[in-house]
Amino acid sequence: IIEITKASTYWRKPVATGENPDVVRRGTVLIPVLKMNINAGSGAIRVFFRNEDGLVVGDGITRDVRGGTEISIAATAGFEDLGMHTAYRTGDSPPWVVQVFEGPGATAPSSEFHKVLETEISTLIR
């Protein structure tokens, strides 16, 4: 359904004001972000961010996709202290990962989604 032509990850402070503020868990100071260039037929992607223990952090994010586009998806939770990122950056903490699944539509059941990408979250802050 989709072809990922480019993908990158980074961390950033949540956007709290403006036209499209981030919806994040209270107390979160840094969130991971996945930026992708994709080509897609008609379908949807479902994205999960997982912490160093492999547990889903925040909410799964589902978006309808069509055609060629660049998409950025930010997690709804992340690090609650800048020191957590310092440990992450120095390798004292195992890497977080982001998983991308494709499916026929945003309302399709989970069983119809299939993993197309899993990658570690970079240590880069933007």
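Refer to the structure printed above.
Cut-offs and rules
Residues numbered from 1 in each chain as written. Predicted model: local features only at pLDDT ≥ 70, side-chain atom pairs only at ≥ 80, totals over all residues. Heavy atoms only, no water. Helix = DSSP H or I, 4+ residues; strand = E, 2+ residues; numbered from the N terminus. Rg over C-alpha atoms; globule rule 2.2 N^0.38 Å. Buried < 20%, exposed > 50% of the residue type's maximum accessible area, 1.4 Å probe, protein only. Contact = heavy atoms within 4.5 Å. Lys, Arg positive; Asp, Glu negative; His and termini not counted. Salt bridge = Lys/Arg side-chain N within 4 Å of Asp/Glu carboxyl O. Polar contact = N/O pair within 3.5 Å; in protein donor to acceptor, adjacent residues only side chain to side chain.

Visitor: I would appreciate a short explanation of the overall build of the protein in the present structure.
Guide: Scanning the protein for helices and strands turns up 1 helix and 5 strands. Its C-alpha atoms give the protein a radius of gyration of 15 Å, near enough to 14 Å, the size a compact globule of 126 residues would have. When its C-alpha atoms are laid out on the principal axes, the protein stretches across 40 × 35 × 25 Å. Buried positions account for 38% of the 126 residues belonging to the protein.

Visitor: Would you explain the environment of Lys6 in this entry?
Guide: On the secondary structure map, Lys6 appears in strand β1 (residues 2–12). Given the relative accessible area of 55%, Lys6 is considered exposed. Considered as a pair, Lys6 and Met84 are 78 residues apart in the sequence and their alpha carbons are 28 Å apart. Among all residues touching Lys6, those that are not within four sequence positions of it are Lys35, Met36 and Asn37.

Visitor: Is there a simple way to explain the environment of Val23 in this structure?
Guide: Tracing the sequence through the fold places Val23 in the loop between β1 and β2 (31–50). Excluding its chain neighbours within four sequence positions, the residues that come into contact with Val23 are Ala75 and Thr76.

Visitor: For this particular structure, what's the right way to read the side chain of Arg46?
Guide: Within the secondary structure layout, Arg46 lies in strand β2. Buried charge without a partner: Arg46 forms no salt bridge, and the closest opposite charge is Asp64, 8.6 Å away. Side-chain polar atoms of Arg46 contact the side chain of Thr62, separated by 2.8 Å. Here Ala106 takes part through its backbone oxygen, which lies 3.3 Å from a polar atom of the side chain of Arg46. Every residue in contact with Arg46, bar those within four places of it in the chain, is listed here: Ile61, Thr62, Gln99, Val100, Phe101, Ala106, Ala108, Pro109, Ser110 and Phe113.

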